Each structure stands twice: as C-alpha cells, then as structure tokens.
Amino acid sequence: MKLQIFPDAEGLALGAAEFIFETLSKAAAHAGSASIALSGGSTPARTYKELAELSRRRDLDWRHVKVYWGDERCVAADDPQSNFHMARATLLDLISIPRQNLYHMACEDDPETGAWRYEQILRSHFPDQAFPQFDLILLGLGDDGHTASLFPDTQILNERERWVAPVYVPRLDSWRISLTLPAINAASTVAFLVSGEAKASILKETLEASGPPTHPAQKVEAQGELHWLIDESAGRLLEKPHS
Ligand code: 6PG
C-alpha cells in the first residue's frame, strides 16, 4: 500500500490527476489501450477537472482509453446525482474521447437488469478472466467506511461470483449498482482519493485499526497496487508511518 499526502485539496487534485494521467499513459503504451473505472461522489470532481486541464497540455490519446464506472446511482444519466453526469461535466465533455469509449452504468429502469447488462459488457471486454482486470480503479471513502457502493451491512459485500451487483442503500433509501469486491480487487491499480477534515476519523480507522477488516473500504486489497492519495486535512489523525 502506498500513501501520498498532499498539502491541501488543490494539491491532491493536481497530484491525483498526474497519477491518473501517468497510469493511463503507461497502460496504453504497454497494451495499446487502457481501462479506468471512475469513482463518483464529490471528491474526484476537482481531480477530473485537473485531468482535463492536464490533457490539454500533455499528450494522452483518449481514443485508446476506455472509461467505466465503479458504481452508479440508479437515476437518469442527466440527473445531478448521476456519477456519469458528474464525470461528463468535469472531464469527459472537456477532452477528445470518442463517445463509444464511455460505458455508462445505466440502471435507472431496473437495478438488477442494469447490473446484469453491465456485467455482460465487462465480460465481453475482459474475456476469459475470473474478474475484470482494470488498469485503474478510482475509489472514494464514505464517512461510514463504504467505498463504491459497497455500504456496511449490505448483501453485495458477500458477493464472490458476480462482477456487478445491485445494492439497496437503506440510509439513502436508494438503489445503486456497483462493482463487487472481487471485481475491484482484481484491478492492476486501485487508488483511493480522500480529502478533508470530515474524513480524518474514518480514514484513521480504515488505515490504522488493528484486527480483521470491519469497514468495506478495508476489504479492498488490489491484486496489483493499492494507493491512497489524501490531503493533510484527511490525514490529520494518522500516526503510523505508512509505506
Ligand atoms: C458514490 C461513490 C462513493 C463515494 C463516497 C465518498 O457514488 O457516491 O462511489 O463511494 O466515493 O461516498 O463521497 P465524497 O467524495 O462525496 O465524500
């Protein structure tokens, strides 16, 4: 696990954009194409804007990048709550990426059908694999320790076969679909982006609590590299030097 601590939210956004840019560039140079699963919520928005800006200054051929989502709220694609909507507004409408490279997690009609359909898309893109090996998955950290839409005490946490599953979130009274834990853990690189004082306590619990994992975010191991990109406010309570 590699922890990078940036001085503030702006530094985190710049550093995370650079990290994403480099990871995608290396993957595309190595394999001819790169795959990224975007995170939702509010934290990544600044990073996505910086990534769009970086793409104006440096060369990344987005024609060789396929964009997926780690999870999605089951709302219309133009709903302000949609992770797809947020990513379009902050990144995807600001770069030259073919529309056919964007794989929206549509589930507003029916979460179960949406999850099944998305899994079929992934299985066609990652054939003959036990789980999809994304080059990069971006994740956030919720104040209850959730990540993607893997919320505490939800059935999806026990899923060991499916790549994508529906999840009803009681505290939000809403449906989502999400990559499952084994699908997330199969990634080459997983990067958590965590910003702000409000996350300091849950981040300390997630990174420094002893004993078996209790929060969903603690169950993310990543077969490849696991990175935590945070700002100083979020890392305020951390004690141990983290490699
Ligand atoms: C979502 C995300 C979710 C998010 C956390 C943190 O769809 O909301 O997948 O896991 O990353 O809730 O959200 P903030 O960045 O808004 O704090």
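Please refer to the structure placed before this passage.
About the criteria used
- Residues numbered from 1 in each chain as written.
- Predicted model: local features only at pLDDT ≥ 70, side-chain atom pairs only at ≥ 80, totals over all residues.
- Heavy atoms only, no water.
- Pairing = 2+ DSSP bridges.
- Helix = DSSP H or I, 4+ residues; strand = E, 2+ residues; numbered from the N terminus.
- Axes fitted to C-alpha atoms, helices over the stretch in contact; angles between N-to-C directions.
- Contact = heavy atoms within 4.5 Å.
- Core = buried A, V, L, I, M, F, W, Y, C linked by side-chain atoms within 4.5 Å.
- Buried < 20%, exposed > 50% of the residue type's maximum accessible area, 1.4 Å probe, protein only.
- Near = heavy atom within 4 Å.
- Polar contact = N/O pair within 3.5 Å; in protein donor to acceptor, adjacent residues only side chain to side chain.
- Areas by Shrake-Rupley, 256 points an atom, 1.4 Å probe, with all protein chains shown as cover.
- Nonpolar A, V, L, I, M, F, W, Y, C, P; charged D, E, K, R; others polar.

Student: Before we go on, may I ask you to explain the sheet that holds strand 7 (residues 174–179) in this structure?
Tutor: Strands sit in the order 4-7-6 across an open sheet of 3 strands; the sheet is antiparallel. Both edges of this open sheet fall to strand 4 (71–73) and strand 6 (164–169), since each of them pairs with a single strand only. If you compare each strand with its neighbour and ignore which way they point, the axes differ by 20 degrees on average. Across 6 bridges, the pairing between strand 6 and strand 7 is antiparallel. Within strand 7, the residue paired with Val169 across the bridge is Ser174. Taken strand by strand, helix 4 (residues 111–125) contacts strand 6 and strand 7, and its axis lies near 150 degrees from that of strand 6.

Student: What is the right way to look at the nonpolar core in this model?
Tutor: A general trend in soluble globular proteins is that nonpolar side chains are found buried together. Judged by nonpolar contacts, the single largest core of 83 residues is most densely connected at Leu179, Val190 and Trp228. It is helix 1 (residues 9–31) that contributes the most residues to this core, 9 residues altogether. Apart from residues no more than four positions distant in its own chain, Leu179 is found in contact with Ala37, Trp69, Gly70, Met105, Leu122, Phe134, Ile137, Leu150, Ile156, Trp163, Val164 and Ile184.

Student: Help me understand the sheet that holds strand 3 (residues 65–69), please; the structure alone is not making it clear to me.
Tutor: The strands making up a sheet associate through hydrogen bonds between their backbones, and the pairing can be parallel or antiparallel. Here 6 strands make up an open sheet; going across it, the order is 1-9-8-5-2-3 and the pairing parallel. The sheet terminates laterally at strand 1 (2–6) and strand 3, the two strands that pair on one side only. On average, each strand axis in the sheet is inclined to that of its neighbour by 20 degrees, with strand direction left out of account. Across the sheet, helix 1 is in contact with strand 1, strand 2 (34–38), strand 3, strand 5 (136–139), strand 8 (189–194) and strand 9 (225–231); its angle to strand 9 comes to roughly 155 degrees.

Student: Looking at this structure, how should I read the site of the ligand?
Tutor: The ligand sits among 15 residues. The nearest are Thr43, Arg73, His146, Ala148 and Lys199. A distance of 2.8 Å separates an oxygen atom of the ligand from a polar atom in the side chain of Asp71. Here an oxygen atom of the ligand sits 2.7 Å away from a polar atom, N or O, in the side chain of His146. Look at the ligand: alone it shows 410 Å² of surface, and the protein chains cover 87% of it. Residue composition of the shell around the ligand, grouped by class: 2 nonpolar, 9 polar and 4 charged.

Function cannot be inferred from these measures alone, as they are strictly geometric.
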